[in-house]
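Listed here are the chains, written in short residue letters.
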Amino acid sequence: MARTAEPRRGPGLRRAMGGVHAWSGLIAAWLVFAIFLTGTVSFFKDTLSLWMQPELPRATSPLEAPELVARWVALLEARAPEAASWTISLPSEREPVSTALWRGAEGIERLAVDPEDMSPVTARATRGGDFFYRFHFQLHYLPVIAARWLVGAAAMLMLIALISGVILHKKILRDFFTFRGGKGPRSWLDAHNAFSVLGLPFHLMITYTGLVTLMTLYMPWGLEAAFPEPETRRQAVSELHDFPRVGRAAGVAAPLVEVAGLVADAERDWGRGGVARVRIEHAGDAAARVILWRAPGGRLNDQGPRRVFDGVTGRRQDTGEAPGADALTHGVMVGLHAGRFADWSLRWLYAGLGLAGCGMIATGLVLWTAKRRLKPRPPGGLAWVERLNVAILAGLPVAMAAYLWANRLLPVGLPGRADWEVHAVFLVWLAMLVHASLRPVARAWREQLWLGSLLLALVPPLNALTTEHGPLASLLDGDGQRLGVDLSCWALAALLAAIARRLPASRLATHRRARKKAIAS
Amino acid sequence: MMGWVTPSLCLAGFLGLALGGRRVRRRIGVTLASRAELGCRVVGVALLVLAAGVAIGHRGGGVGLVAWCGHLSLGAGLVYLGVIRRERSLSPEAAPP
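Residues numbered from 1 in each chain as written. Chains lettered and ligands numbered in written order. Predicted model: local features only at pLDDT ≥ 70, side-chain atom pairs only at ≥ 80, totals over all residues.

Trainee: Sorry, what's going on with the overall build of chain A here?
Mentor: When helices and strands are tallied, chain A shows 20 helices and six strands. Dimensions of chain A, computed from the C-alpha atoms along their principal axes, are close to 100 × 65 × 35 Å. The proportion of buried residues among the 521 residues of chain A is 39%. Considering only contacts in chain A between residues 6 or more positions apart, those separated by 24 or more positions represent 69%. (Helix = DSSP H or I, 4+ residues; strand = E, 2+ residues; numbered from the N terminus. Buried ≥ 20, exposed ≤ 12 C-beta atoms within 10 Å, placed from the backbone. Contact = placed C-beta atoms within 7 Å.)

Trainee: Hey, could you run me through the overall build of chain B in this one?
Mentor: On a plain count of helices and strands, chain B comes out with four helices and zero strands. Reading the secondary structure of chain B in the N-to-C direction produces α-α-α-α. The C-alpha extent of chain B, read off along each of the three principal axes, is 45 × 35 × 20 Å. Taken over 97 residues, chain B has a buried fraction of 43%. Summarising the internal contacts of chain B: among those between residues at least 6 apart in sequence, 68% fall at separations of at least 24.

Trainee: Explanation requested: the interface of chain A and chain B in the structure shown.
Mentor: The accessible area lost on association of the parts is a frequent measure of interface size. Counting residues at the interface gives 19 residues for chain A, matched by 22 residues for chain B. It is helix 13 (residues 344-373) of chain A that contributes the most residues to the side of chain A that touches chain B, four residues altogether. By residue class, the composition of the side of chain A that touches chain B is twelve nonpolar, five polar and two charged. (Nonpolar A, V, L, I, M, F, W, Y, C, P; charged D, E, K, R; others polar.)

Trainee: Looking at this model, I keep getting lost on the domain arrangement of chain A. Mind explaining?
Mentor: Residues and elements named next belong to chain A. Split by domain assignment, chain A resolves into domain 1 (20-54 + 131-212 + 340-520) and domain 2 (56-122 + 243-301 + 303-338). Put simply, the middle of domain 1 and the middle of domain 2, counted by C-alpha atoms, are 37 Å apart. Facing the twelve residues of domain 1 at the interface are 15 residues of domain 2. Secondary-structure elements contributing two or more residues to the side of domain 1 that touches domain 2 are helix 2 (45-51) and helix 7 (200-213). Counting residues per element, the side of domain 1 that touches domain 2 draws most heavily on helix 7, which supplies five residues. Of the residues contributing to the side of domain 1 that touches domain 2, the split by class is five nonpolar, four polar and three charged. (Domains from an automatic or database assignment.)

Trainee: It is not clear to me how the packing of helix 17 (residues 459-466) of chain A against helix 19 (residues 480-502) of chain A should be interpreted in this structure. Could you clarify?
Mentor: Packed helices, taken two at a time, are described by the angle their axes make and the gap between the axes. Residues and elements named next belong to chain A. Where helix 17 meets helix 19, the axes come as close as 8 Å, and the angle between the chain directions of the two elements is 145°. Facing helix 17, whose interface residues are Val459, Pro460 and Asn463, helix 19 presents Asp486, Cys489 and Trp490. Each residue belonging to the contact of helix 17 with helix 19 can be placed in one class, and the counts come to four nonpolar, one polar and one charged. (Axes fitted to C-alpha atoms, helices over the stretch in contact; angles between N-to-C directions.)

Trainee: Would you mind showing me how to read the sheet that holds strand 6 (residues 306-310) of chain A here?
Mentor: The strands making up a sheet associate through hydrogen bonds between their backbones, and the pairing can be parallel or antiparallel. Residues and elements named next belong to chain A. A sheet is described by the order of its strands in space; here six strands give the open sequence 3-2-1-4-5-6, paired in antiparallel fashion. At either end of the open sheet lies a strand with only one pairing partner, and these are strand 3 (107-113) and strand 6. Each neighbouring strand pair of the sheet contributes to a mean axis angle of 15°, computed without reference to strand direction. Sheet analysis places strand 4 (residues 275-281) next to strand 5 (residues 289-294), joined by six bridges and oriented antiparallel. Across the sheet, Glu281 pairs through a bridge with Arg289, a residue of strand 5. Contacting strand 4, strand 5 and strand 6, helix 11 (residues 259-270) runs over the sheet at an angle of about 150° to strand 4. (Pairing = 2+ DSSP bridges.)

Trainee: So what exactly am I meant to see when it comes to the UniProt feature "transmembrane region" (unreviewed entry) in chain A here?
Mentor: Residue and element names in this part refer to chain A. Per the UniProt record, "transmembrane region" (unreviewed entry) is found at residues 20-44, 149-173, 194-219, 348-368, 388-406, 426-442, 449-465 and 485-503. With 92% helix and 0% strand, residues 20-44 has its two end C-alpha atoms placed 34 Å apart. Annotation note: span residues 348-368, helix share 100%, strand share 0%, distance between end C-alpha atoms 30 Å. (UniProt positions renumbered as here; feature names shortened; annotations may be inferred.)

Trainee: Explanation requested: unusual backbone geometry in the structure shown.
Mentor: Trans peptide bonds make up the majority, and among non-glycine residues the majority have a negative phi. All names here are of chain A. The backbone of Met118 sits at a positive phi, close to 65°, despite the residue not being glycine. The residue Met118 is located in the loop between strand 3 and helix 4 (128-138) in this model. Take Met118: there are 16 C-beta atoms within 10 Å of it, and that puts it in the partly exposed class. Here Tyr141, not a glycine, exhibits a phi torsion of approximately 65°, which is positive.

Trainee: Explanation requested: the pairing of strand 5 of chain A in the structure shown.
Mentor: Each regular strand carries side chains that alternate between the two faces of the sheet. Residue and element names in this part refer to chain A. Counting buried positions along strand 5 yields six of six residues, so the element is predominantly enclosed. Burial along strand 5 is two-sided: Arg289, Ile291 and Trp293 facing one way and Val290, Leu292 and Arg294 facing the other are all buried. Sheet topology note: the strand 5/strand 6 ladder contains five bridges and is antiparallel. Paired with Arg289 across the strands is Asp310, a residue of strand 6.

Trainee: Which parts of the structure should I look at to understand the environment of Pro440(A)?
Mentor: Residues and elements named next belong to chain A. Mapped onto the elements, Pro440 comes out in the loop between helix 15 (417-438) and helix 16 (441-457). Taking the number of C-beta atoms within 10 Å as the measure of exposure, Pro440 has 12 and is therefore exposed. When the C-alpha positions of Pro440 and Gly298 are compared, they lie 50 Å apart, and in sequence the two are 142 residues distant.

Trainee: It is not clear to me how the environment of Ala112(A) should be interpreted in this structure. Could you clarify?
Mentor: Residue and element names in this part refer to chain A. For Ala112, the location among the structural elements is in strand 3. Overall, the presence of 18 C-beta atoms within 10 Å leaves Ala112 in the partly exposed class. As for Ala112 and Thr122, which are separated by ten residues in sequence, their C-alpha atoms are 7.4 Å apart. For Ala112, the residues in contact, after removing those within four places along its chain, are Val97, Thr99 and Val121.

Rendered as structure tokens:
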């Protein structure tokens, strides 16, 4: 009896997810790689800023917070009496100087002092680690809002790629420890799976919370419905981001409360070093207000408790109650993303998992091209995907290393110095794109990886030659933060060199190697 | 001192889970009875759960869970690298040239 033919099944969920995963990943991957890499460096943005400003002192015994704030108030009353508000940042383990910001006649003004003796500190103009931090969510040279939309779209595609990747990977636990080396696309797939699965909780968390941090931009409709008036909406957004708007002055003179006493009271409850920031609004006016923010150490909620006082009577204006569930959820999401609560060991875990994310994206991109290269008729445009892979995956680390070189080599007095450091990044990155377009792909990979390795390896010697904070000096001085940057440069140089060594010198070499293996087996 | 306990438990837990897998054992040249295989898996999972308890007890509910997740990835990554290294030491031809 003839067997009845079974009806053909349509493409299953997994097969459908394969297409979604490959294309959502490919479209977003170059941008997401840049976001992941610069975001990973941002976990150390304060440390990097310190390294990039070798003129900054290393305060070993700063003044007590109440004394420091009292001196700041006296200084700012003389220097910026007309400013609507002063925001004073107190020194911490990561930020050795104390700074104040206010809006003056020429825009936002900033003053940094040595917290040991309040002497002004002048350091070279640089964006420091803040450049990478800003780049990872608003890029550069683009209108800020448009760039944030672009980053949001890439993050959403990344989230889709992650979820479809989990559905696609049917033997996620069985294949957990599998790696088959030297087998072309199969090896790239195993490496991609390893980077993805090992850091999966982190990859999902960092992508989702990244979208949440800019949720009022991406999904403004709920806020618009709840707060139809623009002014109340702005107020709500300010509250959500834990940055209350400065109110209006009363125009009636009144003496400012003793702010040092408020800080001392807060430190009794929050512990020494518990106050991170102090904002004083309309000092000397009847509508004066003082806000103290608690340092985030050890708490997930990034928008930690704050105390609000009447700036004349010193009476508490906030209720002192815990934030609502919405503010708490938002604060924890932002806290999880930024990792400001993390001590040094957790920060290194964050950084390691961030690098694993970069590895996941990089191996995914290489796998995409390696699979298609094996086809009898490789798709058109594949060569350009390969060249873009080189320029972004290998070229970006070169450009980032160039940022550190520019910081040490550009003259301190150069007009627009901070901008030129950033221009150096993009000029070098453009050069890497041109290089990748002109050289054979296999050689371009190796040359750019070796160049990145060389530039990073020479950063600490360059630092020693141009400043007094070389690795040896930092070691002898017990300056772990600056030493950490130098050692990280060496570690990353070794990583890039190890990758470059494993890559074949040419496509011909890959074929020869495959043939040799076939003969041997 | 307490900071090392969670990563060590995670490492030991994943080692147990790796030894509980037939494919991994074959690759690293380890033979186990089927009862021992189940034991490895049970002990592996128990150690990971214990690591969660230690992390939460040490750092609190929120940060403890974050630290535990990070240490899970670290432990799994180290075992992954260890398996590759062991496999290559057993059969050098498995290593890429």
